[in-house]
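Geometric and topological summary
Letter by letter, the chains look like this.
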Amino acid sequence: MGLLKLGFQNQRLHFLRFIPQSFNVSTPTSFWVQNLNNTTQHSALSYTPRSKPVIAKALSTEAAAKVQPAKMVKAIRVHELGGPEVLKWEDVELGELKEGEIRIKNKAVGLNFIDIYFRKGVYKAATMPFTPGMEAVGEVIAVGPGLTGRKVGDIVAYAGIPMGAYAEEQILPADKVVPVPPSVDPIIAASIMLKGMTAQFLVRRCFKVESGHTVLVHAAAGGVGSLLCQWANALGATVIGTVSTKEKAAQAKEDGCHHVIIYKEEDFVSRVNEITSGKGVEVVYDSVGKDTFQGSLACLKPCGYMVSFGQSSGTPEPVPLPALGAKSLFLTRPSLMQYTSTRDELLKTAGEVFANIASGVLRARVNHKYPLSQAAQAHEDLENRRTSGSVVLLP
Ligand SMILES: NC(=O)c1ccc[n+]([C@@H]2O[C@H](COP(=O)([O-])OP(=O)(O)OC[C@H]3O[C@@H](n4cnc5c(N)ncnc54)[C@H](OP(=O)(O)O)[C@@H]3O)[C@@H](O)[C@H]2O)c1
């Protein structure tokens, strides 16, 4: 036990010392790191804008030869908003590649709670029908005109917009993908791309967790929650996690929670009060929303940070400003999209996640795999709190 703990601490020190300052580390991740730096130096990172005559020339020769005709692939489609049953497995036509785009054959697709929000209409999809999914890892099988720095055979990952990952193949802007280091299995990569980058921005940028802090993480055994607890622990914080069952509590403990509260059985506000001797916590990472929001505010110490980053139980009630005044609290409702909006941010964020997976600071928990065609079952299980860790859909 002692040895395990020591090993983990060493990894943490390694991570703390090197990763935030620079990606030039001579660790097993150096290949990936070098890749990132190379990509960064090359203008727009993978897409090189050209003047019109050059584009015309490229189209008539090599690049045109790379463009493949439109083809049919299987994908999940949503024609009407509703329950998991609206997820239909259908043939869809992929358009032709445009400038700056790549076509990827997906190896694994990450399932995220946001997919449920879009399916139900909590968030509005830009088109109808639409293909859900915001996280995937695949192999590049075609490259559009005007692209350098991406080639057929590359294994790449993406998280976020454009939506459409629930498909055997998809077309993506090349500047939205990042290379997956060879040391990271594609299924693992698909399980931590969106969730791991979320954990990264939450503990390293939105509120910077430091040694000595006490943090409260709701849904600590969930996809994001599992990674958040591990990362906050690695940064030296005392981690309090909430979960719904004993099984999830055991997992949260393994993931670095010093205290686990089963919030279906215990009042988490009183328990946090006990654990912190009435002082409260520096930050609450609250993705549960409606059912926990008010209690989370009560758990904060003066000048604490309320980070409301999701609403798995429903949207919280609006907060009157005076409710924050009593303890001079900070309230933020952050989104991964804003924290990875530039190419540089995306590469750095993904780079830290992959480096921590490769060095063992973070452990990915791929606790559930479903065939992509059975996405409806996966949605039902996630929505009904039957999953823990990450859920991956396999095309
Ligand atoms: N803001 C961002 O950029 C961002 C990015 C990624 C994810 N998120 C948010 O982070 C949250 C976690 O996402 P995830 O994909 O990793 O899902 P997840 O945490 O694996 O699944 C949701 C978990 O929430 C808990 N929960 C509590 N009340 C619930 C209820 N009424 N219905 C369903 N679940 C409930 C359950 O854990 P227990 O059984 O232990 O209670 C459940 O397992 C979501 O709210 C998501 O929207 C936000």
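To start, this report covers the structure provided alongside it. Owing to the predicted nature of the structure, the values given are computational and were not obtained by experimental measurement. (Residues numbered from 1 in each chain as written. Predicted model: local features only at pLDDT ≥ 70, side-chain atom pairs only at ≥ 80, totals over all residues.)

Describing the overall build of the protein chain
When you go through the protein chain residue by residue, the secondary structure sums to 14 helices and 15 strands. Per-residue burial for the protein chain yields a buried fraction of 46% across its 395 residues. Considering only residue pairs separated by 6 or more positions, the protein chain has 68% of its internal contacts joining residues 24 or more positions apart. (Helix = DSSP H or I, 4+ residues; strand = E, 2+ residues; numbered from the N terminus. Buried ≥ 20, exposed ≤ 12 C-beta atoms within 10 Å, placed from the backbone. Contact = placed C-beta atoms within 7 Å.)

Notes on the packing of helix α5 (residues 113-120) against helix α14 (residues 375-383)
Contact geometry for α5 and α14: axes closest at 10 Å, N-to-C directions at 105°. Judged on the interaxial angle alone, α14 and α5 are roughly perpendicular. For the pair formed by α5 and α14, the contact residues are F113, I116 and R119 on the first element and H379, L382 and E383 on the second. (Axes fitted to C-alpha atoms, helices over the stretch in contact; angles between N-to-C directions. Parallel < 35°, antiparallel > 145°, perpendicular 65-115°, else oblique.)

A short note on the pairing of strand β11 (residues 281-286)
Counting buried positions over the six residues of β11 gives six, a clear majority of the element. Where strand β8 (residues 214-217) lies against β11, three bridges are found, and the strand directions are parallel. The residue of β11 that forms the bridge with L216 is V284. As paired elements, β11 and strand β12 (residues 300-308) share five bridges and run parallel to each other. Bridged to D286 within β12 is S308. In this view, the connection linking β11 to its parallel neighbour β12 by way of helix α10 (residues 293-299) has right-handed handedness. (Pairing = 2+ DSSP bridges. Right-handed = clockwise from strand over helix to strand, strands pointing away.)

As for the site of the ligand
Taken together, 30 residues form the shell around the ligand, and within it G222, G223, S244, S287 and G310 come nearest. For the shell around the ligand, the secondary structure elements donating two or more residues are α5, α6 (186-206), α7 (223-234) and α14. The residues that make up the shell around the ligand include at least three from each of domain 1 (45-191 + 390-394) and domain 2 (211-338). (Near = placed C-beta within 6 Å. Domains from an automatic or database assignment.)

A few points about the pairing of β8
Along β8, one buried face is formed by T214 and L216 and the opposite face, lined by V215 and V217, is buried too. Where β8 and strand β9 (residues 238-243) come together, four bridges link them in parallel fashion. Bridge pairing in β9 links T214 to T238. After leaving β8, the chain enters α7 and then returns to the sheet as β9, a path that is right-handed.

Some words on the sheet that holds β8
Read across the open sheet, the six strands follow the order β10-β9-β8-β11-β12-β13; overall the sheet is parallel. Every other strand in the sheet has two partners, leaving β10 (259-262) and β13 (330-332) as the edge strands with one partner each. Neighbour to neighbour, the strand axes of the sheet diverge by 15° on average, direction disregarded. Sheet topology places β9 next to β10; four bridges connect them, and they run parallel. When the bridges of β10 are listed, T242 appears paired with I261. Where helix α8 (residues 246-254) meets the sheet, its contacts fall on β9 and β10, and the angle it forms with β10 comes to roughly 165°.

Observations concerning α5
All of the buried residues in α5 are I114, D115, F118 and R119. Seen along its axis, α5 keeps its buried residues to an arc of 145°; they face one direction. Of the surrounding elements, those touching the buried residues of α5 are β1 (71-78), β2 (87-94), β3 (101-111) and α14. (Arc of directions from axis to C-beta.)

A word on α6
The end-to-end C-alpha distance of α6, which contains 21 residues, comes to 28 Å, matching closely the 30 Å that a straight helix rising 1.5 Å per residue would cover. Along its length, α6 shows its largest kink, about 45°, at M193. (Expected span 1.5 Å × (residues − 1). Bend = angle between axes of the 7 residues up to and from the residue.)

A word on the nonpolar core
Counting 102 residues, the largest nonpolar core has A157, M193, V215, L228 and A232 as the members making the most contacts within it. The greatest single-element share of this core, amounting to eleven residues, is contributed by α6. Residue assignment places this core across two domains, with domain 1 (45-191 + 390-394) and domain 2 (211-338) each supplying three or more. Residues contacting M193, with those up to four places away along its chain left out, are G110, E135, V137, A157, A159 and A350. (Core = buried A, V, L, I, M, F, W, Y, C linked by C-beta atoms within 7 Å.)

Considering unusual backbone geometry
A cis amide bond, omega 0°, links M128 with the succeeding residue P129. Counting through the fold element by element, P129 comes out in the loop between α5 and β4 (135-143). With a phi close to 50°, S277 is a non-glycine residue in the positive phi region. Of note, S277 is situated in the loop between α9 (268-275) and β11. Residue classification places S277 among the exposed positions, given that 7 C-beta atoms sit within 10 Å. Here C303, not a glycine, exhibits a phi torsion of approximately 65°, which is positive.

A word on the packing of α6 against helix α13 (residues 343-359)
It is the contact of α6 with α13, at a shortest axis distance of 9 Å, that shows an interaxial angle of 115°. Classified by chirality, the crossing of α13 by α6 is right-handed. Every residue of α13 that contacts α6 at I188, I192, M193, G196, M197, Q200 and F201 is listed here: T349, A350, E352, V353 and I357. Classifying every residue of the contact of α6 with α13 gives eight nonpolar, three polar and one charged. (Left-handed = near helix turned anticlockwise from the far one by under 90°. Nonpolar A, V, L, I, M, F, W, Y, C, P; charged D, E, K, R; others polar.)

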